[in-house]
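Now for the letters of each chain:
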Amino acid sequence: MDLRERLRDIQARIKVAAIAAGRPPDEIQLVAVAKTFPAEMVQQLVDEGHHLIGENYVQEFLSKAEQVYGATWHFIGHLQSNKVKKVVGQVAMIHSVDRLSLAEEISARCMALQKVMPILIEVNLGSEISKSGVTPEEVVTLAQACSRLPGVQVRGLMALPPPAEDPESSRPHFRHLRQLAEVLKEQGLVTTPVAELSMGMSQDFEVAISEGATLIRVGTSLFGPRG
Ligand SMILES: *Cc1c(COP(=O)(O)O)cnc(C)c1O
């Protein structure tokens, strides 16, 4: 399959998974994760009508943002505070807010641009020491602190469960994330009518959709294997 066929294939699978879960397919947005893939491929995807692109690394993102015309960018990777000023002007959402100091920097930089950044709080559900994300216990505290910052808006949660062969093994993690998002919603800590749930990748996005994902982040199934 070429890129266009893979896009149509993923879109069809999203639809099937949504309908099976009793959800409107347009509730689910596909974030095409382009890390390591060249700007030409991203442009091709945009030209096929798919505009929402996710990037993990600041340098790579900046280089592609210069070359690609017509994309909407989401930043989904670990973000150092000193790189925030380089990305805030060019991204529509940051999925990977995992500490207050980062949210404060995003807020300050956005205020200077007279803009408000939609953010997601990244949650570490697998509890692997090396991975980023706050613990489930810390989610409410961080969301409360973010709600006092004028330049950011908490829209929901993001997680990257521990890698597993079987997509079904992600299900309890996805369910856990949804429950945490419901708590935020109940406490009025999410500014939109629905809390966004950024969860599910190539391996397990259908399971994520059945557990309520609103943003799925798909790389290899769309662009091909990473070198
Ligand atoms: C790479 C990456 C993805 C996409 O993973 P695939 O398995 O290629 O679909 C999604 N989310 C994050 C945070 C990533 O780094």
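For the structure, check the block above.
This text gives an overview of the structure that appears in the document.

Criteria and cut-off values
The residue numbering used here restarts from 1 in each chain and proceeds along that chain's sequence as written. Per-residue local features of the predicted model are confined to residues with pLDDT of at least 70, and side-chain atom pairs are confined, for both listing and counting, to 80 or more; whole-chain, interface and lining totals are unaffected and use all residues. To obtain the side-chain values, all non-hydrogen atoms of the structure were included, while hydrogens and water were left out. Relative accessibility thresholds used throughout: buried, under 20% of the residue-type maximum; exposed, over 50%; partly exposed, between the two (1.4 Å probe, protein chains only). Counting from the N terminus, the helices are DSSP H or I runs at least four residues long and the strands are E runs at least two residues long. Handedness is read with the strands pointing away from the viewer; a crossover is right-handed when the path from the first strand over the helix to the second is clockwise. Each Phe, Tyr or Trp ring (for Trp, its six-membered ring) is paired with any other whose centre lies within 6.5 Å, and the angle between the two planes then decides the class: stacked below 30 degrees, edge-to-face above 60, tilted in between. For each residue, the test is whether any non-hydrogen atom lies within 4 Å of the molecule or strand; if one does, the residue is near. N or O atoms within 3.5 Å of each other form a polar contact, as long as, within protein, one can give a hydrogen and the other can take it, and as long as residues adjacent in sequence are counted only when both atoms are side-chain atoms. Note that Gly is not counted as nonpolar here; it falls among the polar residues with everything else outside the nonpolar set of Ala, Val, Leu, Ile, Met, Phe, Trp, Tyr, Cys and Pro and the charged set of Asp, Glu, Lys and Arg.

### Considerations on the pairing of strand β6 (residues 152-159)
Alright, step 1. In terms of burial, β6 is largely enclosed, as seven of its eight residues are buried.
Alright, step 2. Read as a crossover between parallel neighbours, the route from β6 over helix α7 (residues 171-186) to strand β7 (residues 196-198) is right-handed.

### What to know about the packing of aromatic side chains
Two numbers describe a pair of aromatic rings. These are the distance of the centres and the angle of the planes.
Alright, step 1. Tallying each qualifying case throughout the model produces three aromatic pairs.
Alright, step 2. Measuring from centroid to centroid gives 6.4 Å for phenylalanine 61 and phenylalanine 75, while their planes differ by 80 degrees, and the two rings are edge-to-face. Here the residue phenylalanine 61 occupies a position in helix α3 (residues 58-67), and phenylalanine 75 occupies one in strand β3 (residues 72-75), the gap between them amounting to 14 residues.
Alright, step 3. By relative accessible area, phenylalanine 75 is classed as buried at 0%.
Alright, step 4. Three or more aromatic residues joined by ring pairs make a cluster, and in this case those are Phe61, Trp73 and Phe75.

### Description of the site of the ligand
Alright, step 1. Within the structure, the ligand sits among Val33, Lys35, Asn56, Ile76, Leu160, Met201, Ser202, Arg217, Val218, Gly219, Thr220 and Arg226.
Alright, step 2. Between the ligand and serine 202, the relevant distance is 2.5 Å, taken from an oxygen atom to a side-chain nitrogen or oxygen of the residue.
Alright, step 3. In the shell around the ligand, the residues fall into five nonpolar, four polar and three charged.

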